[in-house]
Amino acid sequence: MGHVIGIDLGTTNSCVAIVENGQPTVIPNAGGYKTTPSMFAVSQDGKRLVGHLAKRQAITNCTSTAYGVKRLIGRRFDSEEVTKTAEFVPYEIIRGSNDDARLQLAEKIFTCPEIAAIILREMKRVAQEYVGEPVEEAVVTVPAYFNDTQRQCTKDAGKIAGLEILRIINEPTAAALSYGFGRSDEETIAIYDLGGGTFDISILSMGDGVVEVLSTNGNTFLGGEDFDRRIVDHLNAWFVDNDGIDLRNDAMAMQRLKDAAEKAKCDLSARDVTEINLPFIATDERGPRHLNVEITRDTLESLCHDLVSQSLKTCEACMRDAKVGPDQIDRVILVGGQTRMPFLQTAVAEFFGKRPHKGVNPDEVVAIGAALQAEALTADEKDLLLLDVTPLSLGIATFGGRFATLIERNTTVPVRRSHVFTTTRDDQRDVKVRVLQGESEVAAENDLLGEFVLSGIKPASKGEPEIEVSFDIDANGIVNVSARDKATGLEQSITVNAASTLSDEEIQRIIEENPPDAIALKV
Ligand code: ADP
Ligand code: MG
């Protein structure tokens, strides 16, 4: 049996790990780095670049360099998240044929799953070089708060990359597996994961060989990039005041500003003050203009403290759902690069009333947990029981645009619930069902996963036919729907057409357009 790897497909950085002789190891890429930037670019001469190579040329080729694509995957083009992202990124986001968001890089259009696939394939390649043979299977992580569409798109990315995704697991759950490796104490732990683009909080109960998620919550649109954006806005405002030039219309200047903002932010995790120095950032009739300014840790904190508070509000909601108070949480574990910010660590420590645990590497735990899960799935002896939950309530739109919940958030998966549908008119032949995920009582405010029509209902008086529809959420957090006419016992096969996922034909087309050798590149 071949190797099964664990991949943390991050918004900002990706990481791959494997279990060898019972020990999990993070696999470094050819450049010796344990994480690889989740970036993809098409260079001016048409070459495709992945990872560090893409990152290195991001400033000079900003309009054709994709980053942060995980913020867009599985979202509708018209969604608020896509609109907000489009304001900030230098590459062009366009409407796809499924109303999805796609990227235009050097004249060519890429779907988000395609870009995720390019990164997955790069991680697969890194692993293959290490083990010296082809790797075909993986466990891939996603933010716990990803909805069904975002998970489907991640699965599609695996297909495009030629990688069978044995299981999709939630990032904080993976981190918990990694923390629990080699421990047998009974503990309640909180995993606070703030990466580049997403925030997740999960509360878990750990025991001997059993990892049970009690509740999870999050924000798929809160991360380090929001901190960077605050600094960029601050620097740009400063430059307007001092030089009278607004840099927002100059994509390359904005990319340099973003780069410098992120560096300054990271610097300020270790120092009280840092300098931002960007020569020749603009030109006007006075000649070249330079941006040179100091920024202090205090300034950074005043620019970003509300982002931290926002994450803590989410933690509160998560604890309410788990029915535990801060004093019942034995350990708080920080995951994700943004948790290196001292202000954040202090705020989290105050909130939970205890210092966060320092024993895990925030960049590597998720991939290690994925590798441990991969090992557990392929091992003969099952000595790890992982019980995860669905992050969002699943339901349908009912009369008057209301949302009827069928499966509550934080229900342990896999789960199956059935519901009997009937007609509202005499001799009605079909019923349309809209499947949604979210927490609002108003159907339209939740995410539409798709809709389907139950057809061929035998003519009868209204309210008489009984069609049983089963909704199940599998261990990957992916929703499946099936239906049965109770009178005849006939099964109806149902395809839920989600607007923003790819059809099988599209996936096939993309696979054909992306032969493996077009993507594999050395770091
Ligand atoms: P992801 O899970 O999104 O791939 P990571 O966990 O790699 O992300 O975190 C990336 C984020 O962490 C970026 O926004 C980066 O700027 C931030 N980050 C990395 N190192 C530091 C640091 N020392 N101080 C503050 N933020 C940091
Ligand atoms: Mg991460």
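Data block above holds the structure.
Residues numbered from 1 in each chain as written. Chains lettered and ligands numbered in written order. Predicted model: local features only at pLDDT ≥ 70, side-chain atom pairs only at ≥ 80, totals over all residues. Heavy atoms only, no water.

Draft legend 1. Seen up close, the pairing of strand β9 (residues 101-105). Counting buried residues in β9 gives four out of five residues, a clear majority hidden from the surface. Pairing between strand β8 (residues 92-95) and β9: four bridges, direction antiparallel. What sits directly across from Arg95, in β9, is Ala101. Taking the residues between adjacent antiparallel strands as the criterion, β8 and β9 are bridged by five residues, where Asp99 takes a positive phi near 65°. Summarising the sheet, β9 and strand β10 (residues 108-111) pair through four bridges and their orientation is antiparallel. The residue of β10 that forms the bridge with Leu105 is Lys108. Hairpin geometry of β9 and β10 is characterised by an intervening segment of two residues between the two adjacent antiparallel strands and by a positive phi of about 45° at Ala106. (Buried < 20%, exposed > 50% of the residue type's maximum accessible area, 1.4 Å probe, protein only. Helix = DSSP H or I, 4+ residues; strand = E, 2+ residues; numbered from the N terminus. Pairing = 2+ DSSP bridges.)

Draft legend 2. Inspection of unusual backbone geometry at higher detail. Val413 connects to Pro414 through a cis peptide bond whose omega is 0°. Structurally, the position occupied by Pro414 is in the loop between β21 (402-407) and β22 (415-421). In this model, Glu107 sits at a positive phi of 70°, which is unusual for a non-glycine residue. Along the chain, Glu107 falls in the loop between β9 and β10.

Draft legend 3. Representation of the sheet that holds β21 in the model. Pairing is antiparallel across the open sheet formed by four strands, whose spatial order is β21-β20-β23-β24. This sheet does not close on itself; its edge strands, each paired only once, are β21 and β24 (447-454). Geometrically, the sheet is characterised by an average inter-axis angle of 30° between neighbouring strands, direction not taken into account. The pairing of strand β20 (residues 394-398) with β21 spans five bridges and is antiparallel. Bridge assignment links Ala397 to a residue of β21, and that residue is Phe403. (Axes fitted to C-alpha atoms, helices over the stretch in contact; angles between N-to-C directions.)

Draft legend 4. Representation of the nonpolar core within the structure. Among the nonpolar cores identified, the biggest contains 54 residues, and Ile7, Tyr91, Leu103, Leu105 and Ile115 are the most heavily contacted of them. The contact partners of Leu105, leaving out residues within four places of it in the chain, are Phe40, Val42, Thr63, Ser64, Thr65, Ala66, Tyr91, Phe110 and Ile115. Core analysis: the next-biggest nonpolar cluster, separate from the first, contains 48 residues, Ile203, Leu247, Val293 and Ile329 among them. (Core = buried A, V, L, I, M, F, W, Y, C linked by side-chain atoms within 4.5 Å. Contact = heavy atoms within 4.5 Å.)

Draft legend 5. Fine view of the site of ligand 1. Taken together, 16 residues lie around ligand 1, and Asn13, Gly196, Glu262, Lys265 and Ser269 are the ones closest in. Within the contact set of ligand 1, an oxygen atom lies 2.7 Å away from a side-chain nitrogen or oxygen of Glu262. Contacts to ligand 1 include Gly337, whose backbone N or O atom sits 2.9 Å from an oxygen atom. When the free accessible area of ligand 1 is taken as 580 Å², the share hidden by the protein chains comes to 88%. Residue contributions to the shell around ligand 1 peak at three residues, all from helix α7 (residues 251-267). Split by residue class, the shell around ligand 1 holds one nonpolar, twelve polar and three charged. (Near = heavy atom within 4 Å. Polar contact = N/O pair within 3.5 Å; in protein donor to acceptor, adjacent residues only side chain to side chain. Areas by Shrake-Rupley, 256 points an atom, 1.4 Å probe, with all protein chains shown as cover. Nonpolar A, V, L, I, M, F, W, Y, C, P; charged D, E, K, R; others polar.)

Draft legend 6. Local environment of the packing of helix α4 (residues 148-161) against helix α11 (residues 504-513). Where α4 contacts α11, the two axes come as close as 9 Å, and the packing angle between them is 40°. The angle between α4 and α11 places the two elements in the oblique class. Taken as a pair, α4 and α11 cross one another with a handedness that is right-handed. On α11, the residues that touch Asp156, Lys159 and Ile160 of α4 are Asp504, Ile507, Ile510 and Ile511. Among the residues forming the contact of α4 with α11, the class breakdown is four nonpolar, no polar and three charged. (Parallel < 35°, antiparallel > 145°, perpendicular 65-115°, else oblique. Left-handed = near helix turned anticlockwise from the far one by under 90°.)

Draft legend 7. Up close: the pattern of salt bridges. Enumeration according to the criterion identifies 30 salt bridges in this entry. The shortest N-O distance in the salt bridge between Lys263 and Asp259 comes to 3.3 Å. Of this pair, Lys263 and Asp259 are both found in helix α7, four residues apart, which corresponds to roughly one turn of the helix. Residue Arg434 pairs with Glu451 through a salt bridge whose shortest N-O separation is 2.8 Å. In this pair, Arg434 sits in strand β23 (residues 431-437) while Glu451 sits in strand β24, placing the two residues 17 residues apart along the sequence. With relative accessibility at 25%, the residue Glu451 sits in the partly exposed group. The network of salt bridges with common partners includes Arg71, Glu225 and Asp226. (Salt bridge = Lys/Arg side-chain N within 4 Å of Asp/Glu carboxyl O.)

Draft legend 8. View of the packing of aromatic side chains. Considering all chains together, one arrives at four aromatic pairs under this definition. Consider the rings of Phe351 and Phe352, whose centres lie 4.9 Å apart with planes at 85°: the pair is edge-to-face. Take Phe352: its relative accessible area is 2%, and that puts it in the buried class. Against the face of Phe221 rests Arg71, its NZ or CZ located 4.4 Å from the ring centre. The ring of Phe88 has Arg229 sitting right over it, with the charged end atom 4.4 Å from the ring centre. (Phe/Tyr/Trp six-rings, centres within 6.5 Å; stacked < 30°, edge-to-face > 60°. Lys NZ or Arg CZ within 6 Å of the ring centre and 35° of its normal.)

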